[in-house]
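# Notes for the structure review
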Amino acid sequence: MSCVIRSMTGYGRFEGQVNGRQTIFEIKAVNHRFLEVQCRLPKGCGFLEETIKEMISHSVFRGKVDIYVAIEANDSLAANVKINHSLAAGYVKALQELRDTYSLKDDISVSMLSQYADIFTVSKVPESEEVLTAIVREAGEKAIGDFIDMREREGAKLAEDVLAHGQKILSLVDDIEARSPVTVEEYRQKLYERISDVLQDTSVDPQRILTEAAIFADKTAVNEETVRLKSHYAQLEDLMSKSEPIGRKLDFIVQEMNREANTTGSKVCDAELAHKVVEIKAELEKIREQIQNIE
């Protein structure tokens, strides 16, 4: 069976030149009930967050996704330098006061004042949002492609494991269906022997034995539960071939299978059958743990 399910965990990264700018786009994800995207972007690039979330939402439906983006600065952009004249005047006045008070050499100069960095405010001309958006889209598409590939590889492994546990469950269900009628006959025989021991020489009423055996068979019948277990597993197996997000549906099906297993366990009155039910529940728990990782 072809499996296209995806794990919720994954990692993807692009690092290289885009439009002449060294760019890093990194994406990693872990399990989460819903889709949650968090971005770490270069200073002044907050506007890119919506673009990135829109890109992610096209291919990711569940998981906590962390994005890191770094774009090499464009040194060709012009810089604006502003002078805080009131602050500069204050420095000059203070320096002149020091000179006059202590008879110091007058060496106040531009180079001296330039050492007071708080006099200057430097800002670059804002970069084109369209240019940065184009860079992020190109780098993001490559990183997300790697990310999806990894999720699908992990998903294939998860599917293989889930189906292997499922086949073990089907085998155990078959064992229960084969063993269950035998327990009724064993009960009938033991009942006959016990009554014979009590009554000793008195003859045993066969009809009474048959009636008691029929009551026992009705109380311990698990054929409905085993049929439903097989039906639920068939649904689970069918879902594994879907290309849509199936994690929540799988979780629901496993809950239903566990419910049928519990009901079966409450009905059986045979140690061997009880052990089979315990094994089924153990396999279901392994499946449940795995599908927590499926998108």
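Refer to the structure presented above.
For clarity, every value in this text was computed on a predicted model and none was experimentally measured.

### A short note on the pairing of strand β2 (residues 21–30)
- Here β2 lies mainly inside the structure; seven of its ten residues are buried.
- Between strand β1 (residues 10–18) and the antiparallel strand that follows it, β2, lie two residues; Asn19 among them carries a positive phi value of about 55°.
- Of the pairings in the sheet, the one linking β2 to strand β4 (residues 63–71) comprises eight bridges and is antiparallel in character. Within β4, the residue paired with Phe25 across the bridge is Val69.

### Considerations on the packing of helix α6 (residues 223–239) against helix α7 (residues 247–267)
- Running from N to C, α6 and α7 point in directions that differ by 165°, and their axes come no closer than 9 Å. Regarding the angle of α6 to α7, the classification is roughly antiparallel. When the axes of α6 and α7 are compared, the crossing they make is left-handed. Here α6 contributes Glu225, Arg228, Leu229, His232, Tyr233, Gln235, Leu236 and Leu239 to the contact with α7, which in turn contributes Lys249, Leu250, Ile253, Val254, Glu256, Met257, Glu260, Thr263, Thr264 and Lys267.
- Tallied by class, the residues present in the contact of α6 with α7 amount to eight nonpolar, four polar and six charged.

### What to know about the pattern of salt bridges
- Summed over the entire model, instances satisfying the criterion amount to 25 salt bridges.
- Measuring nitrogen to oxygen at the nearest pair gives 3.0 Å for the salt bridge that ties Glu49 to Lys53. Separated by four residues within a single helix, Glu49 and Lys53 lie in helix α1 (residues 48–57), roughly one turn from each other.
- In this structure Glu49 comes out as partly exposed when scored by relative accessible area, which is 27%.
- The salt bridge involving Arg228 is made with Glu260; its shortest N-O contact spans 2.8 Å. In this pair, Arg228 is assigned in helix α6 and Glu260 in helix α7, connecting sequence segments 32 residues apart.
- Judged by relative accessible area, which is 8%, Glu260 ranks as buried.

### Description of the sheet that holds strand β3 (residues 35–40)
- In spatial order, the strands read β1-β2-β4-β3; together these four strands make up an open sheet with mixed pairing. This sheet does not close on itself; its edge strands, each paired only once, are β1 and β3. Between one strand and the next, the sheet's axes are offset by a mean angle of 10°, whatever the strand orientation.
- For β1 and β2, the ladder comprises nine bridges, and the chain directions are antiparallel.

### Here's the deal with helix α8 (residues 271–291)
- A rise of 1.5 Å per residue sets the reference length of α8, with its 21 residues, at 30 Å; its end C-alpha atoms lie 30 Å apart and thus fit the reference within 8%.
- Among all positions in α8, only Leu273, Lys276, Val277, Ile280, Glu283, Leu284, Ile287 and Ile291 are buried. For α8, the angular spread of buried residues about the axis comes to 125°, placing them on one side. Of the residues in α8, the exposed ones pointing more than 90 degrees away from the buried face are Ala271 and Val278.
- For α8, the side-chain oxygen to backbone nitrogen distance between the N-cap and Glu272 is 3.1 Å, and the N-cap itself is Asp270.

### A short note on the packing of aromatic side chains
- Applying the stated criterion across every chain, the model contains one aromatic pair.
- An angle of 25° between the planes, with centres 4.2 Å apart, marks the rings of Tyr91 and Tyr116 as stacked. Linking Tyr91 in helix α2 (residues 85–102) with Tyr116 in the loop between α3 (110–113) and β6 (120–124), this pair joins segments that are 25 residues apart in sequence.
- You can call Tyr116 partly exposed: its relative accessible area is 26%.

Thresholds, definitions, all that
Residues numbered from 1 in each chain as written. Predicted model: local features only at pLDDT ≥ 70, side-chain atom pairs only at ≥ 80, totals over all residues. Heavy atoms only, no water. Buried < 20%, exposed > 50% of the residue type's maximum accessible area, 1.4 Å probe, protein only. Helix = DSSP H or I, 4+ residues; strand = E, 2+ residues; numbered from the N terminus. Pairing = 2+ DSSP bridges. Axes fitted to C-alpha atoms, helices over the stretch in contact; angles between N-to-C directions. Parallel < 35°, antiparallel > 145°, perpendicular 65-115°, else oblique. Left-handed = near helix turned anticlockwise from the far one by under 90°. Contact = heavy atoms within 4.5 Å. Nonpolar A, V, L, I, M, F, W, Y, C, P; charged D, E, K, R; others polar. Salt bridge = Lys/Arg side-chain N within 4 Å of Asp/Glu carboxyl O. Expected span 1.5 Å × (residues − 1). Arc of directions from axis to C-beta. Polar contact = N/O pair within 3.5 Å; in protein donor to acceptor, adjacent residues only side chain to side chain. Phe/Tyr/Trp six-rings, centres within 6.5 Å; stacked < 30°, edge-to-face > 60°.

Fair warning: the whole summary comes from geometry, so function is off the table for now.
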